[in-house]
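# Chain and residue survey
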Amino acid sequence: MAVELCLLLLLFCGNTISEVQPIYKPPPGTLDFGFVPSKTYDTGAYHEPGSIGILFKIVHAFLYLVQPNSFPQDLIRKVAQQQLGNSRGDYQKAIYYEIGFIVSAALGLLFILLLPLVGLCFCMCRCCDNCGGEMHQRQKKNADCQRSCFATFLFVASLIISVGVLCAYAANQHLTNQVRGAKKLVNSNFKDLKIFLNDTPAQIDYLVSQYNTAKDKALSDLNNVGPMLGIRVQEQLGKEVRPALDAALSMAGAIRETKEALENVSVSVEVLQEGTERLHTNLTDVKMHLSNTLNDSACNAAQAASTCNIIRNSLSQLNVNANFSGLPGVSSQLAKVNDVLKIDLSSLVQKGYAAFNDTPDLVVNQTRNILSDIKSMLESIGSNITTFTKALPVEKILADLMVYLTQSEAYVQDYFPLVEQYDFYRWLGCLILCCMVVLILVFYYLGLLCGTCGYDKHASPTTRGCISNTGGNFLMAGVGFSFLFSWVLMTVVVLTFVTGGNVEKLVCEPFEDKNLFKVLDTPYLLNQHWKNYLAGILFKNPNVNLTFEKVYSDCKENKGIYTSLHLEYLFNINEFLNVSMYTEDVALKIEHIQINLSKIILLDEIGKENLLNFSSSGIDGIDFSAYLTEINKSVTKVDLLSFANDLEARADQLPKGALENALKGHANSIRMIHNQQVVPLEQAMSTLNQSIRLLKRTSSELMVKVKNVISAVNTAQFLINNNASQVIVQETKKYMDTIVGYFEQYTEWVKESIAMEVAACKPIANVIDTAVDIFLCSYITDSVNTFWFGLGGSSMFLIPAIIFAVKLSKYYRRMDTEDVYDDTENGNNGYHKEHLYGIHNPVFTSSVEQW
């Protein structure tokens, strides 16, 4: 069934994965394929033992002391290959590795053999009134101290035995509880496996359906071939075309500006000529009137003579400075420019812009038939994928796997009550073993209780009370049961110790650190003809590097089963569906796109001739230096406002009278001339200055500029007419890469989804973890090891408990005879007089056990 599941996933991968190598440089737009539908697995393959985990750690530490050696991979390999002993030293290595268990087991066997034998000898010895069997106690000065010490030691030993039996009971109960609760964990694993099988078809359908995402995006780009391909072609050609058209449009603007500048020059010169002539006449009149005023007799006075002379000497400054009458005219140039403007060059350039901007529409019209074929091809690819997927025996394989899984679950459910029944027998047997120890402890604790409570230090050994005597009998009863049960307990301890300890060291610990998988992955281990056993089972090709460790680790990380099992080695997926074949067909269709842009006319011959006429308009023949020379001069030789202000200031220096008033009147006349005539002339000169400088800039190498514009337009037109095919091929290639890139994104997404999400094999790792890590190691091995650890500790401390109980019972039991002391001068001399001082009580004596 596992092989069939692998085949199923491989068939699916054959429908979705392509080995097409990326053939494009510019990355296409990222597609969103969403998330592969998946459900959460319920099983948490991790066991937390709770408070008993402390005992488990103590047992692990003890086992490390017993067996600190590392995992013997070489020995395990030789055992698996049945080659142990073929080389010298194998058995020595095995003994060295197991020396801790061997020594411990040997000590346990000695315990099993010797303790019953010692108990038998001890019993026979006491029956002969030896080994403490004689009902006589010698009086000693430190008797109370010894009794107290023996009682304390026995109590401590009993406490240790109690702790051990409690550990054993807790481990026994823990194992039973885990077995009872294991059904839920088993059902959870089966549920996850069913989810694993049920979700796989839905995941397959989702991956197949997401082909529509790539297809729809490709169709969208194909429907927008104008904006997509046309604009790309336009942008590439625009690097040459737009600067040429911009230069031509700029030249058309320069023609209009030149006309305006020439008109401004013509008007300004005319204004300046007329204005300067009128200004000259007015200034001459002002000088004449000033001169007449200064010839007045008032100026001959001593106080006014110097002032009048100064004013008379400054009259020569009242003259026009600039002479615009000699400037050449620009009427001929203006006439030629007006002739040039009869043709609307801007309109011609705009037509070129419009024709070039129609490139996307030309692409749409000329690729309509090819795009229709490509769309049909994309639809057929989707149909083929859907048809082939439906033809796969997915449902049958999954149904067979589900039947097998259901049968396995039913088998487990049927036999689980039997497991619980056998576990009950095991629990009962372990409980009986614990009860044996508990029985011994009951006698010891009752003996200590009765002996301690009933002991009377004033009573002689032969007159001890019934309670004290009963306590001693309880202690001896505990000793007797210790000899009877100890060998049984130790037998169980040795067997479980050897078994559980080796399972922990040879299975559980190597499984946790994955050394066990390394052994399983040893070449030719499980099959002497196969290098890799797992690959040989799945692919019939043992040379494929497929290991148990890698499969387990990948499934532990919840990767897809396709990646975990390297199912690509099973068959060639391209035999089922070669996506590259379809993408190549799409690429060929796109490469056959032919786009003719020869209808685009950037600038016709009329526009070019118009530019040439502008270059020969004669504006470069204007005498700009003559204009600039006069423009740079002031209108008058002196600033009239300053002259008027100075004249008025000097008039204030004269005595009050007609002369002063006359001079001030002339100052006002000069101000009026400045405001009414000089200021307009200065404005006209500013306009003339701007226009002349504009014409100078425009005329600078005008012929070269025009030729450069025409050359750029011709170059761009040549590119469109002759070299556009290269640009179209280049941009078509990029466009094709974008379309194909969508399908490559789809296949890459499918690969990643299959590797990480589709049929995620976490349940398989969970099954292994549940079987080995949880059931075998955590539930069984840890519980068994804790059981023998507690029971073994209790059994070992039975030995000192026996010794202390025998010693202590002598102080609690009623004796048949005792020592008698006589007081003498030299001290107390004790001597034994059984026939004089012994208390003989046949009834009581016959009722006391003789040990």
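The structure we're discussing is the one just above.
Reference entry: report on the structure contained in this document. Here, residues in each chain are numbered from 1, in the same order as that chain's written sequence. Totals for whole chains, interfaces and linings use all residues, but because this is a predicted model, local features are given only for residues with pLDDT of at least 70 and pairs of side-chain atoms are given and counted only at 80 or more. The side-chain quantities take in all heavy atoms of the structure and omit both hydrogens and water.

## Regarding the environment of T738
Helix and strand labels come from DSSP, where a helix needs a run of H or I of at least four residues and a strand needs a run of E of at least two; each type is numbered from the N terminus. Relative to the assigned elements, T738 resides in helix 24 (residues 702–756). The spacing of T738 and D221 is 517 residues in sequence and 8.9 Å in space, taken between C-alpha atoms.

## Considerations on the state of the cysteines
Put simply, a disulfide is two cysteine sulfurs that come within 2.5 Å. The tally for this structure, following the rule as stated, stands at two disulfides. With a sulfur-sulfur separation of 2.1 Å, C508 is cross-linked through a disulfide to C777. Sign of the S-S torsion, about -100° for the bond between C508 and C777, identifies this disulfide as left-handed. Taken together, the positions of C508 in helix 14 (residues 466–512) and C777 in helix 25 (residues 762–796) put the pair 269 residues apart, joining distant regions of the chain. The same class applies to C508 and to C777, which are both buried. Paired through a disulfide, C555 and C761 show a sulfur-sulfur distance of 2.2 Å. Taking the sign of the torsion about the S-S bond as the criterion, the disulfide between C555 and C761, at about -105°, is left-handed. On the criterion of sequence distance, the pair formed by C555 in helix 17 (residues 548–556) and C761 in the loop between helix 24 and helix 25 is long-range, its members being 206 residues apart. Partly exposed describes any residue whose relative accessible area lies between the buried limit of under 20% and the exposed limit of over 50%, with all areas from a 1.4 Å probe on protein chains only and scaled to the type maximum. Classification of C555 as buried rests on a relative accessible area of 3%. Owing to a relative accessible area of 0%, C761 belongs among the buried residues under this scheme.

## As for the packing of aromatic side chains
Between 30 and 60 degrees the pair is tilted, below 30 it is stacked and above 60 it is edge-to-face, where a pair is any two Phe, Tyr or Trp rings, Trp via its six-membered ring, whose centres lie within 6.5 Å. By the definition in use, this model includes 21 aromatic pairs. Where F424 meets Y425, the ring centres are 6.2 Å apart and the plane angle is 55°; that geometry is what we call tilted. With relative accessibility at 44%, the residue Y425 sits in the partly exposed group. Summarising the aromatic geometry, the rings of F511 and F517 are spaced 5.6 Å apart at their centres and angled 45° between planes, so their arrangement reads as tilted. For the residue pair F511 and F517, the accessibility class agrees, reading buried in each case. In textbook terms, an aromatic cluster arises when at least three aromatic residues are bridged by ring pairs, as seen for F62, F101, F497, W788 and F789.

## Concerning the packing of helix 14 against helix 25
Remark: helix 14 packs on helix 25, axes separated minimally by 8 Å, with the N-to-C direction vectors making an angle of 145°. When the axes of helix 14 and helix 25 are compared, the crossing they make is left-handed. Here the residues of the contact of helix 14 with helix 25 are counted per class, giving 18 nonpolar, seven polar and four charged. A fitted line through C-alpha atoms represents every axis, and for helices the fit uses only the stretch in contact; the resulting angles, taken between N-to-C directions, go from 0 to 180 degrees. The sense of a crossing depends on the near helix, which, turned anticlockwise from the far helix by less than a right angle, makes the crossing left-handed and, turned clockwise, makes it right-handed. Three classes are used, and their members are as follows: Ala, Val, Leu, Ile, Met, Phe, Trp, Tyr, Cys and Pro are nonpolar, Asp, Glu, Lys and Arg are charged, and the others, Gly among them, are polar.

## Remarks on unusual backbone geometry
Backbone geometry places K514, a non-glycine residue, at a positive phi of 70°. Here K514 is to be found in the loop between helix 14 and helix 15 (515–520). The phi torsion at N558 lies on the positive side, around 65°, for a residue other than glycine. Mapped onto the elements of the fold, N558 is located in the loop between helix 17 and helix 18 (561–564). The class of N558 is partly exposed, set by a relative accessible area of 29%.

## Side note on the pattern of salt bridges
Salt bridge, as applied in this entry: a Lys or Arg side-chain nitrogen positioned within 4 Å of an Asp or Glu carboxyl oxygen. By the definition in use, this model includes seven salt bridges. Between K194 and E409 there is a salt bridge, with the nearest N and O atoms lying 2.8 Å from each other. Taken together, the positions of K194 in helix 5 (residues 143–209) and E409 in helix 13 (residues 394–454) put the pair 215 residues apart, joining distant regions of the chain. On the accessibility criterion, E409 (16% relative accessible area) is buried. Where K559 meets D554, a salt bridge forms, and the shortest distance between an N and an O atom there is 3.6 Å. Among the residues examined, K559 registers a relative accessible area of 19% and is labelled buried.

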